Amino acid sequence: MSELANITGYHAHIYFDSTTLKQAEALCLRAKTEMGTTMGTVHQKPVGPHTEWSCLLTFPPEKIAEMLPWLILNRNGLTVFLHPETGDNLADHTEHVVWLGESKPLKTEMFLPG
């Protein structure tokens, strides 16, 4: 079985700060309406392993070929952290990642056993 079969979806985390909040909200709403992604909460604080404010976009595996170029062309300077969902949170947040823009530190120790 192909390793690709283990990908159940993708997460695109749009990072922003107080000066780019409106820009990030607009991008996430466009992704929802134009691309059919699911849009999560616009977090104005670090959440989970993320050390930056972020908004989550989720989409199914078959949309990656469409979403990646869309994000590249429409992120307008915002950082995007993109990763698959394979069931291995540590690998998904460290080994299987794509950064669009400046990479940011993550708090991945939350995914370590014990």
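## Let's talk about unusual backbone geometry
One non-glycine residue, Asn-76, lies in the positive phi region at around 50 degrees. With respect to the helices and strands, the residue Asn-76 is situated in the loop between helix H2 (64-74) and strand S4 (79-85). Given a relative accessible area of 61%, Asn-76 falls into the exposed group.

## Observations concerning the environment of Lys-32
Within the secondary structure layout, Lys-32 lies in helix H1 (residues 21-35). You can call Lys-32 partly exposed: its relative accessible area is 45%. A C-alpha to C-alpha distance of 8.0 Å links Lys-32 and Leu-57, two positions 25 residues apart in sequence.

## Examining the packing of aromatic side chains
Any aromatic ring pair is given by two values, namely how distant the centres are and how the planes are angled relative to each other. Summed over all chains, the structure comprises four aromatic pairs. Ring geometry for Tyr-10 versus Phe-59: centroids 5.6 Å apart, planes at 15 degrees, classification stacked. Of this pair, Tyr-10 sits in strand S1 (residues 9-16) while Phe-59 sits in strand S3 (residues 53-59); the two residues are 49 residues apart in sequence, bridging distant segments of the chain. Residues Tyr-10 and Phe-59 agree in their burial class; the two are buried. Considering the side-chain rings of Phe-81 and Trp-99, the 4.6 Å spacing of their centres and the 40 degrees angle between planes classify their relative orientation as tilted. Highlighted residues: Phe-81 in strand S4 and Trp-99 in strand S5 (residues 98-100), separated in sequence by 18 residues.

## Topic: the layout of surface pockets
In this structure, the largest pocket spans a volume of roughly 190 Å³. Considering the residues around the largest pocket, the lining is formed by 16 residues, among which His-13, Val-47, Pro-49, His-50 and Leu-56 are closest to the centre.

## What to know about the nonpolar core
Within the largest apolar cluster, 21 residues are counted, with the highest numbers of intra-cluster contacts made by Ala-12, Ile-14, Leu-57, Trp-70 and Leu-71. Mapped by element, the contributors of at least two residues to this core are S1, H1, S3, H2 and S4. Tallying contributions element by element places H1 first for this core, with six residues. Ignoring anything within four residues of it in the chain, the contact list for Ala-12 reads Cys-55, Leu-56, Leu-57, Phe-59, Leu-71, Val-80, Phe-81 and Leu-82.

## A short note on the side chain of His-83
Mapped onto the secondary structure, His-83 falls in strand S4. Given the relative accessible area of 0%, His-83 is considered buried. For His-83, the contacting residues outside a window of four places in its chain are Gly-9, Tyr-10, His-11, His-13, Asp-92, His-93, His-96 and Val-97.

## Examining the packing of H1 against H2
Angle between the axes and distance between the axes: these two values describe a pair of packed helices. Between H1 and H2, the least distance of the axes is 12 Å, while the angle of their chain directions is 145 degrees. Crossing hand, H1 versus H2: right-handed. Residues Leu-27, Arg-30, Ala-31, Glu-34 and Met-35 of H1 lie in contact with H2, whose contacting residues are Glu-66, Met-67, Trp-70 and Asn-74. Residues of the contact of H1 with H2, tallied by class, amount to five nonpolar, one polar and three charged.

What counts as what
- Residues numbered from 1 in each chain as written.
- Predicted model: local features only at pLDDT ≥ 70, side-chain atom pairs only at ≥ 80, totals over all residues.
- Heavy atoms only, no water.
- Helix = DSSP H or I, 4+ residues; strand = E, 2+ residues; numbered from the N terminus.
- Buried < 20%, exposed > 50% of the residue type's maximum accessible area, 1.4 Å probe, protein only.
- Phe/Tyr/Trp six-rings, centres within 6.5 Å; stacked < 30°, edge-to-face > 60°.
- 1 Å grid on protein atoms, 1.4 Å probe; cavity = no way out; pocket = protein on both sides within 12 Å on 5 of 7 lines; lining within 4 Å.
- Points joined across faces, edges and corners; volume = space filled by probe spheres on them.
- Core = buried A, V, L, I, M, F, W, Y, C linked by side-chain atoms within 4.5 Å.
- Contact = heavy atoms within 4.5 Å.
- Axes fitted to C-alpha atoms, helices over the stretch in contact; angles between N-to-C directions.
- Left-handed = near helix turned anticlockwise from the far one by under 90°.
- Nonpolar A, V, L, I, M, F, W, Y, C, P; charged D, E, K, R; others polar.

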